[in-house]
Amino acid sequence: MAIYNREEFLSRIAEKLGREQKIESVNRPTWTTAPHLELYRDFSKDDLVNMFETQCDVIHTHFKQTSVAELPHLLRECFDELNAQKVVIAGDPRIEEYGLNRFFTKLTESDFYVHTWEADKGDENIEFAANADVGITFSDITLAESGTVVLLNDSGGKGRSVSLLPRTYIAIIPKSSFVPRMTQAMQQIHIRVNEGKLLPSCINLISGPSNSADIEMNLIVGVHGPVRATYIVVSDK
Amino acid sequence: MGIKIGEKSFFPRVEEGIKDEGMRKAVRSAQDRLRSMKLRATDELGHWEDWRLLGEQIRKHTVENLDYYLYQLSENIEKNGGHVFFAKTAKEAREYVQKVVQQKKATKAVKSKSMVTEEISLNNALNEIGCEVLETDLAEFILQTDDHDEPSHIVVPCLHKDREKIRQVFKEKLGYEGTSKPEEMAGFVREQLRHKFFEADIGITGCNFAVAESGSFAIVANEGNERLTTTLPKTLITVMGMERIVPTWEELDIVVSLLCRSAVGQKLTSYITLFTEPGGRSTGDGPEEFHLVIVDNGRSNMLGTEFQSTLHCIRCASCINVCPIYRHIGGHAYGSIYPGPIGAVLTPWLADYKEYKDLPYASSLCGACTEACPVKIPLHELLIKHRRKIVEDENLAPFPEKMAMMAFTVAAKSPKMFQYGSKLAPTLLFPFTNKQDHTIHEGPGPIKPWTEIRDLPAPAKETFHKWYQRQQEERTNGDL
């Protein structure tokens, strides 16, 4: 770990700005306007889920809603619809909390290959994910306005590839994880920084499948990442 | 590639652009669509002027305290396990990246879309040391495949190519045999690129915004190639322009919201990736080693000048999408990887003033760019300031124009000479005056370039002084 050429670089900036170099704390001013804080202020969780569902249409993402008890059945329906047989899931304690352990174990007894991401498994994880039909993660924070799942990929089982390499991405979204927009997610992270807590090494904000509009501005889905995305909102236990 | 594209000077490039009907049609269509998508997105959001004001305040404060925030950023990145290199020039940036690549004995790199790496000509530098660099953004991949064709827009770099041209390029260079359906061609690119990510030793990205308070950085994208670039190779090198920074995560919310809506009319793009400790492979994937290269390359020359607000730019291209000049001449005419109004303001600072002295004149000064800018950069005013600087400080006005201005100065200082000149002008310009509409279409000397493309009203036979005198007399005589 090293920092190169900093002193000269920063002193040049200070000189151009016509003052001494600042390395002590600079106070952020109070901004004179804050339109983001007013947006969707009075929305209930149900309002947010409705807004999210509408936005899913815009971002070409399949929206489904279910209970914890029905979640395994719904997942099985999704797999059948996709003709999926290889599934990679993020190693997340919520798999057990939502009763999915038994479901996945049972799946492997039929024709399914289910791989749970664990950092210690090394490149085996990536190889499986690259050939998987479906990748599944839980959403940590969900942004209703933009139809976005936020994944806090810190360590262990939360591989970044799970939501990226398989052909279809499925996000399981606890209803309690909904917030109105990016503002609230960024505030949560800002508070963590202020408290001196470590941040996840990689935070992914995912709003639908990969897409591009580079050829005559035509929308093309699945240029690099998943070609299909499904969001399943689950009422909390 | 560097900041400069093409070898021709400004007017021949303009001429080529105007004659390229296919390109102009593509630009018109893209501008209209991007503009209407942006308007819809900002209308939905509401209070857009408040958002712009907030964006302006954040960018102004950050740039005014840039040394502090860069210090904080670098401290935090080092603490998180990364390396930070401050590069004063493009050469320093290139050499540092070359050194890292050589240390890693890397021969293959994948790169996601980044303007600053184009600006510092990074691909050439890596090719020179035997490292193959693959552009993985669909548009950049098309340009690279087409013998390194030049980008013509900041956000949609291959805007000037229609689907048939792209099919032809794929057929000739890659043996593609499919149709010109965008989905089919994109599917072909997906197959071409997928395995390259797994082979690459190095991933290279740009940086939309760094967050000083935690040493984090954000990449805003749609395709997913930046995620592959930052997830699979073992070494990640990120290059950022020194001004692309915000104080905290709370400001990141605002600038990302402004960027996504202004650039492509989306609430958020499909992928926004935020790294804090990219090194370590703690999730079982992601890079083991991380290098951030912070580039000045002429940016600091704008600090403390009347052009400082140029550094507030968040590269959304919304000024390009409303510019009537860009609409007519296209992106290549600017001769810079940064086209449109922001390019006309930025390029003369980042490159040679002499070479790009024509760009500030490539504007109707209608102010549409200023109105479109999400962080309220007064672009058309800055273009006027450039013009003053070109004439007065840099002394770069063309010789005939200088002579004409000197003559005018002499004449305007003497009332007698001014009156004499005013009387003489209609007679001198009579041979060039169209009798039907009383305008000059192809004037002599320094007014020639102007009158070739615009109508200049011919001087009236009666001078203003004469007219005024006559009015006064008529008023006194009671005729009025």
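Reading guide: rules and limits
- Residues numbered from 1 in each chain as written.
- Chains lettered and ligands numbered in written order.
- Predicted model: local features only at pLDDT ≥ 70, side-chain atom pairs only at ≥ 80, totals over all residues.
- Heavy atoms only, no water.
- Axes fitted to C-alpha atoms, helices over the stretch in contact; angles between N-to-C directions.
- Helix = DSSP H or I, 4+ residues; strand = E, 2+ residues; numbered from the N terminus.
- Parallel < 35°, antiparallel > 145°, perpendicular 65-115°, else oblique.
- Contact = heavy atoms within 4.5 Å.
- Nonpolar A, V, L, I, M, F, W, Y, C, P; charged D, E, K, R; others polar.
- Pairing = 2+ DSSP bridges.
- Left-handed = near helix turned anticlockwise from the far one by under 90°.
- 1 Å grid on protein atoms, 1.4 Å probe; cavity = no way out; pocket = protein on both sides within 12 Å on 5 of 7 lines; lining within 4 Å.
- Points joined across faces, edges and corners; volume = space filled by probe spheres on them.
- Salt bridge = Lys/Arg side-chain N within 4 Å of Asp/Glu carboxyl O.
- Buried < 20%, exposed > 50% of the residue type's maximum accessible area, 1.4 Å probe, protein only.

Residues and elements named next belong to chain B. Between helix α1 (residues 10–19) and helix α2 (residues 21–45), whose axes approach to 5 Å, the crossing angle comes to 80°. In this view, α1 runs roughly perpendicular relative to α2, as classed from their interaxial angle. Counted together, G17, I18 and K19 of α1 and E21, M23 and R24 of α2 form the full contact between these two elements. In terms of residue class, the contact of α1 with α2 is made up of 2 nonpolar, 1 polar and 3 charged.

On to the sheet that holds strand β6 (residues 216–221) of chain B. Here 8 strands make up an open sheet; going across it, the order is β9(A)-β6(A)-β7(A)-β10(A)-β9(B)-β6(B)-β5(B)-β8(B) and the pairing mixed. Strands with a single pairing partner mark the edges of an open sheet, and in this sheet they are β9 (178–179) of chain A together with β8 (245–246) of chain B.

Turning to the sheet that holds strand β4 (residues 202–205) of chain B, a few remarks are in order. The strand order β1(A)-β1(B)-β10(B)-β7(B)-β4(B)-β2(B)-β3(B) describes an open sheet built from 7 strands, whose pairing is parallel. Only two strands of the sheet have a single neighbouring strand rather than two, namely β1 (3–4) of chain A together with β3 (132–135) of chain B. Pairing of strand β2 (residues 108–111) of chain B with β3 of chain B, which is carried by 4 bridges, proceeds in the parallel orientation. Across the sheet, residue K111 of chain B finds its bridge partner in β3 of chain B, namely E135 of chain B. Here helix α1 (residues 6–17) of chain A sits on the sheet and contacts β1 of chain A together with β1 (83–87) and β10 (289–295) of chain B; the angle it forms with β1 of chain B, its principal contact strand, is near 50°.

Residue and element names in this part refer to chain B. The geometry of helix α9 (residues 163–174) relative to helix α10 (residues 182–199) is characterised by a closest axis approach of 11 Å and an angle of 35° between their N-to-C directions. The interaxial crossing formed by α9 with α10 has left-handed handedness. Residues R163, I166, R167, F170 and L174 of α9 lie in contact with α10, whose contacting residues are P182, M185, F188, V189 and Q192.

Moving on: empty space enclosed by the protein. All names here are of chain B. Going through the model one piece at a time under the given rule, you end up with 6 cavities of 30 Å³ or more. Within this model, the largest cavity holds a volume of roughly 80 Å³. Together, 13 residues line the largest cavity, and C313, C316, C319, C373 and P374 are the ones closest to its centre. Among the residues forming the lining of the largest cavity, the class breakdown is 11 nonpolar, 1 polar and 1 charged.

Okay, the pattern of salt bridges next. Residue and element names in this part refer to chain B. Counted by the stated rule, this structure contains 46 salt bridges over all chains. The shortest N-O distance in the salt bridge between E243 and R299 comes to 2.9 Å. Placement of E243 in the loop between β7 (235–241) and β8 and of R299 in the loop between β10 and α13 (324–329) is noted, with a sequence separation of 56 residues between them. Accessibility classification places E243 together with R299 in one group, the buried group. Where R470 meets E474, a salt bridge forms, and the shortest distance between an N and an O atom there is 3.5 Å. Here the residue R470 and the residue E474 both occupy positions in helix α20 (residues 464–476), the gap between them amounting to 4 residues, near one helical turn. Classification of R470 by relative accessible area gives partly exposed; the value is 32%. Given the relative accessible area of 23%, E474 is considered partly exposed.

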